[in-house]
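Analysis of the macromolecular model
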Amino acid sequence: MQFLQASSIEGDSNKRWSSKFVFPYGPNSLYEDLRVAKTEVSNDRRFFARTGELLYLMICRSGKTQEVWSLLSKMGLIDGAMGSPSTRKWNHLVGLLQPGMEQLGKAGSSPYLPYASLVDFEKLAQDWVNLADCNMPSYDAVPHLVTITGLHMLLYFLRRSCDVLDCSQPTFVLEIVSPKKTSVRELATDSYIENDGLSEKAIRHHINQITHSPEWLSCAQDGDPVGTAKVILEKQFGWGGDESSTPEDLLESLTSKTLGRHRQHIRKFHNTWSREIGLASSRASRRTRYAPTDALLKTLVFSSVQTRMEFQEFLQVLYEKYGFIIGDRQAASLIAGGAADQEAFGQNAVRLEERLARLGLLKRLSDACAYVQNPYALEQNRASN
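Here the structure is a predicted model, which means the values were calculated and not measured.

Scanning all chains against the criterion turns up 14 salt bridges. Across the salt bridge formed by Asp120 and Arg160, the nearest N and O atoms sit 3.1 Å from each other. Taken together, the positions of Asp120 in helix H5 (residues 119-133) and Arg160 in helix H6 (residues 138-165) put the pair 40 residues apart, joining distant regions of the chain. Comparing Asp120 with Arg160 shows no difference in burial state: the two are buried.

Here is the structure:
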């Protein structure tokens, strides 16, 4: 028991015990967040994607379920090949310490994902497949699966906001941290602030769209405009209104209450998750900006590079897959608009090249040729040869 308690994820946090998770030794270690009351236990919906159900639905709708299932079975995370005898032992022990499904109490509400398919789902599953294909120990791959999943959840969240706003897909100016402040740092900060406010803009836009509907435009002519407006808002948003004196006040009250609730919960998602996965940081600055950690860089290499890839091509792949702007080629529109300096982004790319080389993930063959390499894939190729 002490061993399992010590191996809990976020074990040193002050979260309730039912919100802490055991390291995934196998299927018996995969369970959801719970609300524990005196008389019953039920799943908790207060944490966005915390139960993993949203991820499960995304994978199911990715078109790559068989590939993901096969690879996770090989890793011992689901029923199938359960790894070495030692890992089966710990999975079996976790199962013995847990009650049967019939004792878990109420199941709670079902998860909901409004899209039958999205390219985002396919890209998420493909990154899982790429990581699982690396020739690394199964449990060493788990942190990378967590990080890449967090990144795709973040992208899903921001891209849905852009869909509502009918604007271009989000991009991320990444500063590869330098000793001195550069123009890239300012742009990375601006990029972070812009993305952080996307969800709130989307909510305002979604609510205000009703003002263009024929029903709303005609309610001012009714004998009871406030009553009619309440009916419209109840039908559209499930909100019955308050004591506002005009339809405009009603709409403003709805917006205020919605944004107030949003700021307490989903509004925090971008800030919290971007920090947790190592995408955002306040290091060497008073403001938060996009500045990737070494751990995130490793995950990006393992999920995007099959064996080796030319460095500039790697930068372009990161831009096309995730919207990451690092080098001067990816920042072309910013440079053309006068918002960025080409030399600053060129030096930003050089700093990334140097960091990858220190991590053993890049090899320079000549002054004009550098390759990003996935050491696990290279080892696998050598073993097969």
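Axis separation between helix H8 (residues 198-208) and helix H11 (residues 247-264) bottoms out at 10 Å; the angle between their running directions is 155°. As judged from the angle between their axes, H8 and H11 are roughly antiparallel. Once H8 is placed against H11, the crossing between them reads as right-handed. Across from Ser199, Glu200, Ile203, Arg204, Ile207 and Asn208 in H8, the residues of H11 making contact are Leu251, Leu254, Thr255, Thr258, Leu259, His262 and Arg263. Along the lines of polarity and charge, the residues of the contact of H8 with H11 split into five nonpolar, five polar and three charged.

If you trace the backbone, Leu71 turns up in helix H3 (residues 65-75). Overall, Leu71 belongs to the buried group, its relative accessible area being 9%. Along the sequence, Leu71 and Asn130 sit 59 residues apart, while their C-alpha atoms lie 9.8 Å from each other. In this view, Leu71 contacts Val129, Ala132 and Asp133; residues no more than four positions away in its chain are not counted.

Let us look at the nonpolar core. Residues Leu151, Leu279, Leu300, Phe311, Phe324 and Leu356 are the most contacted members of the largest nonpolar core, which totals 62 residues. Listed by contribution, the elements that provide at least two residues to this core are helix H2 (53-60), H3, H5, H6, helix H13 (294-304), helix H14 (311-322), helix H16 (342-358) and strand E11 (369-373). With eleven residues, the single largest contributor to this core is H6. In this view, Leu279 contacts Leu151, Leu154, Phe172, Leu174, Ser274, Arg289, Tyr290, Ala291, Pro292, Leu296 and Phe324; residues no more than four positions away in its chain are not counted. With 14 residues, the next largest nonpolar core counts Ile207, Val226, Leu233 and Leu259 among its residues.

Basis of the calculations
Residues numbered from 1 in each chain as written. Predicted model: local features only at pLDDT ≥ 70, side-chain atom pairs only at ≥ 80, totals over all residues. Heavy atoms only, no water. Salt bridge = Lys/Arg side-chain N within 4 Å of Asp/Glu carboxyl O. Helix = DSSP H or I, 4+ residues; strand = E, 2+ residues; numbered from the N terminus. Buried < 20%, exposed > 50% of the residue type's maximum accessible area, 1.4 Å probe, protein only. Axes fitted to C-alpha atoms, helices over the stretch in contact; angles between N-to-C directions. Parallel < 35°, antiparallel > 145°, perpendicular 65-115°, else oblique. Left-handed = near helix turned anticlockwise from the far one by under 90°. Contact = heavy atoms within 4.5 Å. Nonpolar A, V, L, I, M, F, W, Y, C, P; charged D, E, K, R; others polar. Core = buried A, V, L, I, M, F, W, Y, C linked by side-chain atoms within 4.5 Å.

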